Amino acid sequence: MTALNRVPSLMARAGTASALTLAAVGGSIMVPGLATDASAATTASKALKVAASKKGAPYRYGATGPGRFDCSGLTLYSFKKAGKKLPRTAAQQYNKTHHIPSGHRKAGDLVFFHSGSSVYHVGIYAGKGKIWHAPKSGDVVRLQKIWTKSVWYGRVN
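1. Quick word on the pattern of salt bridges
Scanning the model with the defined rule gives three salt bridges in all. Of the charged contacts, one joins R88 and D70 as a salt bridge, the two residues approaching to 2.8 Å between their closest N and O atoms. Pair noted here: R88 is in the loop between α3 (71-81) and α4 (90-96) and D70 is in the loop between α2 (37-53) and α3, with a separation of 18 residues, a long-range link. Measuring nitrogen to oxygen at the nearest pair gives 2.8 Å for the salt bridge that ties R155 to D109. Of the two residues, R155 is situated in strand β6 (residues 151-155) and D109 in the loop between β1 (98-100) and β2 (110-115); the sequence distance between them amounts to 46 residues.

So this is what it looks like as structure tokens:
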């Protein structure tokens, strides 16, 4: 085998060794087009911070910010500021998220309130059983404890 024929083989071995070394020391390997847990967490934490920054903003049906919101308008606005696009309504947002069990929920996940199979409200999970949301007409964006077990969770990809 000539030296030129061995180059691809040597490069492949060097790449494998580098990847194994990187993994052994706690690094990560990026695969184009694949979101990592870290990048998803960064997006979710940014969206959560945006929602929290809107504390006290008045509720207005159909509003998507920046000064007034309805429930899905707040989630749409928060994730848009974090670099992710969501559809307009709570039900459409539920259909676009990765559905997760309550035991795997994390801060920044979306919390969908439902009656039967119909989603009627959405907020952003803040941890410790609380959400940031725009509750209803006459109210303001606020942090509130989840008041029912009739919720589903979704993670924005």
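Moving on, there is more to tell.
2. Quick look at unusual backbone geometry
For the bond running from G65 to P66, omega is 5°, close enough to zero to count as cis. Looking at where P66 falls in the secondary structure, it is placed in the loop between α2 and α3. Look at K128: it is not a glycine, yet its phi comes out positive at around 55°. The residue K128 is located in the loop between β3 (118-127) and β4 (130-133) in this model.

3. Observations concerning a positive patch on the surface
On the surface, R105, K128, K130, K145 and K149 cluster together to form a positively charged patch. Tracing the backbone shows K149 in the loop between β5 (142-145) and β6.

4. A look at the sheet that holds β4
Overall, antiparallel pairing links the six strands, which are arranged β1-β6-β2-β3-β4-β5 in an open sheet. Strands with a single pairing partner mark the edges of an open sheet, and in this sheet they are β1 and β5. Averaged over all pairs of adjacent strands, the angle between strand axes in this sheet comes to 40°, irrespective of strand direction. Its contacts with the sheet put α3 on β2, β3 and β4, and the angle it makes with β3 is roughly 45°.

Cut-off values and rules
Residues numbered from 1 in each chain as written. Predicted model: local features only at pLDDT ≥ 70, side-chain atom pairs only at ≥ 80, totals over all residues. Heavy atoms only, no water. Salt bridge = Lys/Arg side-chain N within 4 Å of Asp/Glu carboxyl O. Helix = DSSP H or I, 4+ residues; strand = E, 2+ residues; numbered from the N terminus. Patch = residues over 30% accessible without salt bridge, like charges linked within 9 Å, V, L, I, M, F, W, Y side chains within 5 Å. Areas by Shrake-Rupley, 256 points an atom, 1.4 Å probe, with all protein chains shown as cover. Lys, Arg positive; Asp, Glu negative; His and termini not counted. Charge placed at Lys NZ, Arg CZ, Asp CG, Glu CD. Pairing = 2+ DSSP bridges. Axes fitted to C-alpha atoms, helices over the stretch in contact; angles between N-to-C directions. Contact = heavy atoms within 4.5 Å.

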